[in-house]
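# Observations on the model geometry
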Amino acid sequence: MVGIILNQLRVPDLYDKENINKKAKNVTAMKFFKGRSNDRIYCKEFTQDDKTFTVVAVELFEKKKTQKNSPKITHIINKISNYEYEIVERNA
């Protein structure tokens, strides 16, 4: 999964954008255990001014039951897209 994310690949069964509306820009989902518990981590992607690609894992959603997004999931995705994020780099 890490290679898929860092290479900015879209593999719908593992990691893909959640394009549910115009507000949900750059929100993605890491998909785990498809066909079983179907857990997801919803994320926000950024490309910094220096072209550094960053993914922030924001919220875990356990046991997604349907293929479509329920109102609860739509609310989560919209909430994630509206958060303000501050990326802080630590110097070694």
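In what follows, the structure referred to is the one given above.
Quick caveat, the model's predicted, so the values are computed rather than measured.

Before going further, it helps to examine the overall build of the protein. The secondary structure content of the protein amounts to 2 helices and 4 strands. The C-alpha atoms of the protein give a radius of gyration of 14 Å, which matches the 12 Å a tight globule of 92 residues would have. Counting all 92 residues of the protein, 30% fall into the buried class. Sequence separation of 24 or more characterises 35% of the internal contacts of the protein that already satisfy a separation of 6 or more. Charged side chains in the protein number 18 positive and 12 negative. The centres of these two groups are separated by 9 Å.

Glancing now at the nonpolar core. If you look at the biggest cluster of nonpolar residues, it comprises 9 residues: A24, V27, A29, Y42, F61, I73, I76, I77 and I80. Contributions of two or more residues to this core are made by β2 (27–32) and α2 (71–82). Core analysis: the next-biggest nonpolar cluster, separate from the first, contains 6 residues, I4, M30, C43 and F53 among them.

Here we take up the pattern of salt bridges. Under the criterion given, the structure shown has 2 salt bridges. For the salt bridge of R10 with E45, the shortest nitrogen-to-oxygen distance reads 2.9 Å. Of this pair, R10 sits in the loop between α1 (2–6) and β1 (15–17) while E45 is found in strand β3 (residues 39–47), placing the two residues 35 residues apart along the sequence. Taking the shortest distance from any N to any O, the salt bridge between K79 and E59 comes out at 3.2 Å.

In this section: the environment of T66. Within the secondary structure, T66 sits in the loop between β4 (53–61) and α2. Overall, T66 belongs to the partly exposed group, its relative accessible area being 45%. Remark: the alpha-carbon pair of T66 and N38, spanning 28 residues in sequence, is separated by 9.4 Å. A polar contact of 2.8 Å, which involves the side chain of T66, links it to the backbone oxygen of K68.

Our focus in this paragraph is the side chain of K31. Note on placement: K31 falls in strand β2. We note that K31 is buried and unpaired, the nearest opposite charge coming from E18 at a distance of 4.4 Å. Of note is the side chain of K31, whose polar atom sits 2.7 Å from the backbone oxygen of P12. Residues contacting K31, with those up to four places away along its chain left out, are M1, P12, D13, L14, D16, E18, D39 and R40.

Thresholds, definitions, all that
Residues numbered from 1 in each chain as written. Predicted model: local features only at pLDDT ≥ 70, side-chain atom pairs only at ≥ 80, totals over all residues. Heavy atoms only, no water. Helix = DSSP H or I, 4+ residues; strand = E, 2+ residues; numbered from the N terminus. Rg over C-alpha atoms; globule rule 2.2 N^0.38 Å. Buried < 20%, exposed > 50% of the residue type's maximum accessible area, 1.4 Å probe, protein only. Contact = heavy atoms within 4.5 Å. Lys, Arg positive; Asp, Glu negative; His and termini not counted. Charge placed at Lys NZ, Arg CZ, Asp CG, Glu CD. Core = buried A, V, L, I, M, F, W, Y, C linked by side-chain atoms within 4.5 Å. Salt bridge = Lys/Arg side-chain N within 4 Å of Asp/Glu carboxyl O. Polar contact = N/O pair within 3.5 Å; in protein donor to acceptor, adjacent residues only side chain to side chain.

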